[in-house]
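Chain and residue survey
This is what each chain is made of:
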Amino acid sequence: MEHHKHSDVLIIGAGISGLMAATKLQESGISVTVLDKGRHYGGRMATRAFDGAIFDHGAQFFTVRDHRFQVAVESAVAAGFVTQWKPNMGTFQDHQPIASPDHQARFVGHPYMNSLGRFLSQDIEIQTESRVQMVEPNGDLFRLILTSQETLTADCVLVTAPVDQMVAMLQHFDVEQLGSRFAMDPTWTTVLSVEEPLRGSAGESFDALFGGDHPLFDFIAVENSKPGRQSNFIVVHATPEWSTKHLESDPAEISELIREAFSETFQVTTQARLSHRWRYARPTNPKVTAQKGIYQVSPNLWVAGDYLAGGRVEGAYLSGLEAAEHILAR
Ligand code: NAI
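The rules we used
Residues numbered from 1 in each chain as written. Predicted model: local features only at pLDDT ≥ 70, side-chain atom pairs only at ≥ 80, totals over all residues. Heavy atoms only, no water. Near = heavy atom within 4 Å. Polar contact = N/O pair within 3.5 Å; in protein donor to acceptor, adjacent residues only side chain to side chain. Areas by Shrake-Rupley, 256 points an atom, 1.4 Å probe, with all protein chains shown as cover. Helix = DSSP H or I, 4+ residues; strand = E, 2+ residues; numbered from the N terminus. Nonpolar A, V, L, I, M, F, W, Y, C, P; charged D, E, K, R; others polar. Salt bridge = Lys/Arg side-chain N within 4 Å of Asp/Glu carboxyl O. Buried < 20%, exposed > 50% of the residue type's maximum accessible area, 1.4 Å probe, protein only.

Side note on the site of the ligand
Taken together, 17 residues surround the ligand, and among them Thr 63, Arg 65, Ser 100, Asp 102 and Thr 187 come closest. Between His 237 and the ligand, the recorded distance is 3.4 Å, taken from a side-chain N or O atom to a nitrogen atom. Here Arg 282 contributes a side-chain N or O atom positioned 3.0 Å from an oxygen atom of the ligand. Isolated, the ligand exposes 790 Å² of accessible area, and the fraction of that covered by the protein chains is 67%. Taken together, the elements giving at least two residues each to the shell around the ligand come down to strand S6 (89-93) and strand S19 (270-283). Each residue belonging to the shell around the ligand can be placed in one class, and the counts come to 4 nonpolar, 7 polar and 6 charged.

Next up, the structure:
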């Protein structure tokens, strides 16, 4: 008989949900393997190196509302993996940047965004560059076929990939209704280098801006306003509408469109460094959530992810935690 690598639980996706679930299960003595198609883990809590600079091009910050996440963030802060970010906030009104101060506590990974993933994965077995093509029922077990043709088996499977990818790999199961209920939108991200401070018409300076009523800008962050970051990079996230409209455009074309809009808005000279398309960035309707932020497909097959739980980093964390608790309860 052919011998396959077997785990108690296989988790697909090494973003915050998958890593959190893995940590919780492993603490309870369950053998867990996490698979991710990418070269890195941490999902959209992503950090990239380019031209000698290191910066966050995925999630820009996160907030805390739930007590369970608060406890985790406090221990990540104490261990040096997360820190508070206190930007001079702005927003857009009539397409113009204006000051918009508030008292919301916002956090970032330290020294970079991927540190929260590192904090959650310190003793976890993560197999990167492993793209799951299909999950098949196999008696009481599951068999996972990777695009490399490698095969893995498990007693239990947790899928934390974005919804479209989840539906594609679970074709042997009944998940169509999840696919139609939980769509995800893209986010085009452009990284610019800017030498001057960002100012509004009243002379106020900005570290970050929400998009407000702007048709293109959804969030703008000045990287070196976050603790520990050195680069002169500014990360611009486009709105879901704009990103969807330009979904298939060339990254070079996106860079030029965003650079032009940015330098016109802030009257600064900018250079576009790169553009990245997050194909599955955020739930189309974050208010639609699954019960407890998770979904049980069959007794030992579970689905988790931020898109089932409001679309925030905290949702990803809690969804992973809930999934692990349900798996343990069986
Ligand atoms: P939060 O509590 O700081 O902000 C929530 C929302 O309130 C913001 O989207 C913004 O519209 C508004 N807001 C808050 N403070 C504001 C201020 N000072 N001035 C003007 N408007 C303000 O953040 P929360 O709830 O933790 O959400 C995370 C953020 O990440 C949200 O903005 C969300 O839309 C965004 N997000 C972006 C994704 C992307 O792909 N670009 C994916 C997932 C979330």
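Moving on, there is more to tell.
Things to note about the pattern of salt bridges
Inspection of every chain in the model, using the stated rule, returns 14 salt bridges. In this structure, the salt-bridge partner of Glu 322 is Arg 68, at a minimum N-O distance of 3.2 Å. Linking Glu 322 in helix H8 (residues 313-329) with Arg 68 in helix H2 (residues 67-78), this pair joins segments that are 254 residues apart in sequence. On the basis of relative accessibility, which here comes to 33%, the residue Arg 68 falls in the partly exposed class. Residue Glu 248 pairs with Arg 277 through a salt bridge whose shortest N-O separation is 3.5 Å. Placement of Glu 248 in the loop between helix H6 (240-245) and helix H7 (251-266) and of Arg 277 in strand S19 is noted, with a sequence separation of 29 residues between them. On the accessibility criterion, Arg 277 (32% relative accessible area) is partly exposed. Bridged by salt links that share partners, the residues Asp 56, Glu 223, Lys 226 and Arg 229 form one connected network.

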